[in-house]
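Observations on chain architecture
What follows is the residue order along each chain.
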Amino acid sequence: MLFIFFLGPGGIGKTFWTKKLCSDWSGNVVPLNKFKFVFRIVLSQVRDDSSIEHIILKQTKGFSDEFTITDITRVLKKYGKQILIFADGLDEYKEGKNQ
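Residue positions are counted from 1 within each chain, in the order its sequence is given. Whole-chain, interface and lining totals are the exception, using all residues; otherwise, since this is a predicted model, local features are given only for residues with pLDDT of at least 70 and side-chain atom pairs are given and counted only at 80 or more. In computing side-chain values, all of the structure's heavy atoms are included and hydrogens and water are not.

A few words now on the overall build of the chain. Secondary structure is summarised from DSSP: a helix means a run of H or I of at least four residues, a strand means a run of E of at least two, and numbering begins at the N terminus for each. Each helix and strand counted, the chain has four helices and three strands in total. Each residue gets one of three labels from its accessible area relative to the maximum for its type: buried under 20%, exposed over 50%, partly exposed in between, using a 1.4 Å probe on protein chains only. Per-residue burial for the chain yields a buried fraction of 29% across its 99 residues. Any two residues whose heavy atoms approach within 4.5 Å are treated as being in contact. Of all intrachain contacts in the chain linking residues separated by at least 6 positions in sequence, the fraction that spans at least 24 positions is 62%. Each accessible area is a Shrake-Rupley result for a 1.4 Å probe, and residues are judged covered by the shown protein chains and nothing else. Carbon together with sulfur atoms contributes 56% to the accessible area of the chain, which is approximately 6700 Å² in total.

This is the structure in structure tokens:
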């Protein structure tokens, strides 16, 4: 898995770019098309005790309610190096953990 964290001050477009890149991947845009799966994780919604499988499952609800934790685990194991994860809101994640 490849994790990409978007960093910078608020209001510069980090969330916009994570959403756009996910949209580009779904449209088969090069070079993102080399990845089998692309996930966008909103870090402000993550709890310390969450596994990557649980985070992905929780944050993909609504797109497909048919996925199970077993499905996510299977995908991560099978396609590990072909998975791209955009992590959005690292500043909010850190701030929330320090309170």
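Ring pairs shown here join Phe, Tyr and Trp side chains whose ring centres sit within 6.5 Å, with only the six-membered ring taken for Trp; geometry is labelled stacked below 30 degrees between planes, edge-to-face above 60, and tilted in between. Counted according to the given criterion, the structure contains five aromatic pairs. Centroid distance Phe 3 to Phe 5: 6.4 Å. Interplanar angle 20°. Geometry classified as stacked. Of the residues examined, Phe 3 reaches a relative accessible area of 37% and is grouped as partly exposed. Three or more aromatic residues joined by ring pairs make a cluster, and in this case those are Phe 37, Phe 39 and Tyr 79.

Our focus in this paragraph is the environment of Ile 55. Following the sequence through the fold, Ile 55 ends up in helix H2 (residues 52-60). The sequence separation of Ile 55 and Leu 43 amounts to 12 residues, and the corresponding C-alpha distance is 9.2 Å. Each residue touching Ile 55, except ones within four places of it in the same chain, is listed here: Ile 41, Val 46 and Ser 50.

If you look at the biggest cluster of nonpolar residues, it comprises 13 residues, and the most contacted ones within it are Ile 41, Leu 43, Ile 56 and Ile 85. Elements with a minimum of two residues in this core: strand S2 (37-42), H2, helix H3 (69-79) and strand S3 (83-88). Listed in part, the seven residues of the second largest apolar core include Cys 22, Leu 32, Phe 35 and Val 38. Nine residue types can take part in a nonpolar core, namely buried Ala, Val, Leu, Ile, Met, Phe, Trp, Tyr and Cys, and a core is a set of them joined through side-chain atoms within 4.5 Å.

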